[in-house]
Each structure stands twice: as C-alpha cells, then as structure tokens.
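# Understanding the architecture of this molecule
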Amino acid sequence: MSIKKELVQYAKHCSSSGLTSGTSGNLSVREGQVMYITPSALPYDQMEEEDILEVDLQSGEVVNGTRKPSSETPMHRFIYRKNSDIKSIVHTHSTYATIFACAHKTIPPVHYMIADIGREIPVASYATYGSEQLANNTVETLKDNKGVLLANHGLVAVGDDLKDAYRRAEVIEEVAQLAYGSYTLDSVNPLTSEDLDDALEGFKTYISG
Ligand SMILES: [Zn+2]
C-alpha cells in the first residue's frame with residue numbers, strides 16, 4: 001500500500017475509533033529526507049490521498065501537495081530530525097490522555113501495557129500549538145520513550161511504522177483511562193521497577209515477534 005493511502009486509512013481509523021474528533025490531531029510517515037503528513041483543517045472523513053503533503057525534513061518546505069500542512073508540522077519534523085530510527089508519528093487529543101496532560105500529571109505504570117511505550121508517560125512543558133518551542137519541548141521530553149503527553153494539549157506516539165505509532169496512541173489512551181480510574185478509586189498501584197523490567201523485556205520480543 002502507498003504511504004499516502006496508508007495515512008488516509010489510519011487518519012480515518014483515528015476518527016472512527018474516537019482517538020480524534022473533528023480536525024484535531026495529525027499523522028505522519030518519514031521516508032528518507034521527506035515526511036508525508038496530513039493536512040491542516042480537513043475533517044478525516046473527507047481526506048483523500050491527494051490531500052497528503054510531502055515536506056522536506058531539512059527546510060520544512062512543502063515539496064509536494066497543494067493543501068496547508070498540519071499546524072504541528074514543526075513538531076513532527078523536529079522529532080524525525082532528532083531520532084533517525086523513528087519512522088512514524090501519531091498526534092491526538094484523545095480524552096483521558098489529555099486529562100493527564102491538562103493536569104500536568106505523568107501517567108503511572110498501572111498496567112503492564114505501558115511497557116510498549118516506556119516506564120511511564122511523561123509530560124512535555126506547555127508551549128503554543130504549532131510553535132517551534134512546542135516542537136523542542138516534545139523532543140526533549142520524549143527521549144527514548146515511544147510516547148509523551150503535551151501539557152494542556154494532547155499526546156504524541158512514535159513508531160517504526162504507522163501501525164506501531166497508531167497502536168501506541170491507543171495504548172496511551174487506554175492506560176490513561178485505567179490510571180484515571182485508579183485515581184478515582186483512590187488506589188493507584190504502579191508496577192514495581194522489577195515488574196516493569198520484565199514487561200519491557202517481554203515487549204521487545206512481542207514487538208519483534
Ligand atoms: Zn494538537
């Protein structure tokens with residue numbers, strides 16, 4: 001399947017699964033020195049392959065496409081430039097993850113599924129949406145994690161391909177729901193460091209296998 005076709009398909013998944021609503025959120029895939037990214041302000045159910053933009057990773061210029069690229073293009077670009085192994089990024093404002101982001105609260109490891117992302121989901125400091133400052137804050141906080149929250153904004157998930165990044169966006173939202181529920185029951189029981197080590201080890205095999 002072509003990259004553009006895959007992006008449109010996953011963009012529609014984001015919308016139908018409730019990970020995004022309206023025109024919020026954006027997705028991209030890196031190929032060599034360019035990235036393919038969803039356009040700004042176009043509802044996912046109306047998106048077609050020709051709406052996907054091709055952006056140069058060095059200059060940030062649109063090299064192919066007629067629409068305006070996603071407002072978070074700098075964030076996607078900075079993440080790719082900093083991490084050569086990342087091939088795809090999914091950004092959403094899914095509700096429970098965004099509640100933690102608004103509360104400036106790290107999502108704790110209340111479920112072993114978090115090992116798909118890291119030991120916890122940290123929160124990058126607030127900066128205006130679309131700004132280079134937000135792009136920098138995101139890169140700094142992401143480090144080797146596969147996902148991060150953006151204060152008062154949403155989440156970012158990364159992966160070796162679009163399927164990976166999309167699954168992680170779902171996992172972050174799921175663990176956020178479970179952590180939210182645990183806080184509501186006033187009984188948050190994070191995994192121990194050893195249990196997390198085991199889960200992280202298991203996920204290496206699970207992902208590659
Ligand atoms: Zn956003």
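About the thresholds
Residues numbered from 1 in each chain as written. Predicted model: local features only at pLDDT ≥ 70, side-chain atom pairs only at ≥ 80, totals over all residues. Heavy atoms only, no water. Salt bridge = Lys/Arg side-chain N within 4 Å of Asp/Glu carboxyl O. Helix = DSSP H or I, 4+ residues; strand = E, 2+ residues; numbered from the N terminus. Buried < 20%, exposed > 50% of the residue type's maximum accessible area, 1.4 Å probe, protein only. Contact = heavy atoms within 4.5 Å. Core = buried A, V, L, I, M, F, W, Y, C linked by side-chain atoms within 4.5 Å. Patch = residues over 30% accessible without salt bridge, like charges linked within 9 Å, V, L, I, M, F, W, Y side chains within 5 Å. Areas by Shrake-Rupley, 256 points an atom, 1.4 Å probe, with all protein chains shown as cover. Lys, Arg positive; Asp, Glu negative; His and termini not counted. Charge placed at Lys NZ, Arg CZ, Asp CG, Glu CD. Pairing = 2+ DSSP bridges. Axes fitted to C-alpha atoms, helices over the stretch in contact; angles between N-to-C directions. Phe/Tyr/Trp six-rings, centres within 6.5 Å; stacked < 30°, edge-to-face > 60°.

This structure, assessed with the given rule, holds 7 salt bridges. One salt bridge connects Asp51 with Arg67, and the closest N-O pair in it is separated by 2.8 Å. Of this pair, Asp51 sits in the loop between strand S2 (34-37) and strand S3 (53-56) while Arg67 sits in the loop between strand S4 (62-64) and helix H2 (73-82), and the two are 16 residues apart along the sequence. Between Arg167 and Asp116 there is a salt bridge whose closest N-O contact spans 2.8 Å. With Arg167 in helix H5 (residues 162-184) and Asp116 in the loop between helix H3 (95-102) and strand S6 (123-124), this residue pair connects regions lying 51 residues apart in the sequence. Among the ionic contacts, a cluster of salt bridges with common partners joins Asp116, Asp164, Arg167 and Arg168.

On to the side chain of Arg168, then. Residue placement: Arg168 occurs in helix H5. By relative accessible area, which is 6% here, Arg168 ends up buried. With residues near it in sequence (within four places) discarded, Arg168 still touches Asp116, Ile117, Lys146, Ala157, Val158 and Gly159.

Attention shifts here to the nonpolar core. Formed by 37 residues in total, the largest nonpolar core has its most connected members in Leu7, Leu27, Val90, Ile107, Leu149 and Ile172. Sorting elements by how many residues they give to this core places H5 first, with 9 residues. Setting aside its immediate chain neighbours within four residues, Leu149 contacts Ala97, Phe100, Ala101, Lys105, Ile107, Ile121, Pro122, Val123, Ala124, Gly154, Leu155 and Ile172. Core analysis: the next-biggest nonpolar cluster, separate from the first, contains 21 residues, Phe78, Tyr80, Leu142 and Leu150 among them.

As a further point, take a negative patch on the surface. There is a patch of like negative charges on the surface, built from Asp85, Asp144, Asp160 and Asp161. With respect to the helices, strands and loops of the structure, Asp85 is situated in the loop between H2 and strand S5 (88-92). Overall, Asp85 belongs to the partly exposed group, its relative accessible area being 43%.

This part covers the sheet that holds strand S1 (residues 26-31). Pairing within the open sheet is mixed, and its 8 strands lie in the order S4-S3-S2-S1-S5-S8-S7-S6. Each edge of the open sheet is held by one strand with a lone partner, namely S4 and S6. Here H2 sits on the sheet in contact with S1, S2, S3, S5, strand S7 (147-150) and strand S8 (154-159), set at roughly 35° to S1. Packed on one face of the sheet, H3 meets S6, S7 and S8 and runs near 60° to S7.

Let us look at the packing of aromatic side chains. Across all of its chains, the model carries 4 aromatic pairs by this definition. With a centroid separation of 6.4 Å and 45° between ring planes, the pair formed by Tyr112 and Phe203 is classed as tilted. Of this pair, Tyr112 sits in the loop between H3 and S6 while Phe203 sits in helix H6 (residues 193-208), and the two are 91 residues apart along the sequence. Residue classification places Tyr112 among the partly exposed positions, given a relative accessible area of 48%.

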